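Structure assessment
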Amino acid sequence: MPKLTLNTTRNYSPNFDNIKRKPKEIIFLIFHYTGMKSEKDSINKLTSFKSKVSCHYFIKNNGAILSIVPDLYTAWHAGVSKWKKHKYLNKNSIGIEISNPGHSLNYKKYTPKQINSIIKL
């Protein structure tokens, strides 16, 4: 099978676990919307040391994909979490943030470009 090339821009966060994980440990995809007024504020929060949050990928309104934390490192996006026997879902997941103000800030439909980028990702 040919390898899929994905066009992403690196905008790395310092907020991740330094120990690499094995690809077989990644079993979940967790999608979040940012829930912030502006896309710029969301990116700043995800890449700020002070925030202690991150994700693996960020989908901008225009469909551009930012790589925030490399896949083999654990990003800090799911907080205190569990699913069935799995606890601390960060260690077994890829976190994808989608730019959107969220329900408390006038939620918007995802753009067709965002949806296409999610499908490619």
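For the structure, check the block above.
Residues numbered from 1 in each chain as written. Predicted model: local features only at pLDDT ≥ 70, side-chain atom pairs only at ≥ 80, totals over all residues. Heavy atoms only, no water.

Overview of the sheet that holds strand E4 (residues 57–59)
As summarised here, the arrangement of the five strands in space is E1-E5-E4-E9-E3, forming an open sheet in which the pairing is mixed. The outermost strands of the open sheet, each flanked by one partner alone, are strand E1 (8–10) and strand E3 (28–33). For this sheet the average axis-to-axis angle between neighbouring strands, irrespective of direction, equals 25 degrees. By the bridge criterion, six bridges tie E3 to strand E9 (residues 93–98) in an arrangement that is parallel. Bridge assignment links Phe28 to a residue of E9, and that residue is Ser93. Relative to E4, helix H1 (residues 39–46) is tilted by about 175 degrees, and along the sheet it contacts E4, strand E5 (65–67) and E9. Taken strand by strand, helix H2 (residues 112–120) contacts E3, E4, E5 and E9, and its axis lies near 155 degrees from that of E4. (Pairing = 2+ DSSP bridges. Helix = DSSP H or I, 4+ residues; strand = E, 2+ residues; numbered from the N terminus. Axes fitted to C-alpha atoms, helices over the stretch in contact; angles between N-to-C directions. Contact = heavy atoms within 4.5 Å.)

Description of unusual backbone geometry
Positive phi, normally seen in glycine, also occurs at Lys84, with a value near 55 degrees. Relative to the helices and strands, Lys84 is located in the loop between strand E7 (82–83) and strand E8 (86–87). We note that Asn106 has phi near 70 degrees; this positive angle belongs to a residue other than glycine. Checked against the element boundaries, Asn106 lands in the loop between E9 and H2.

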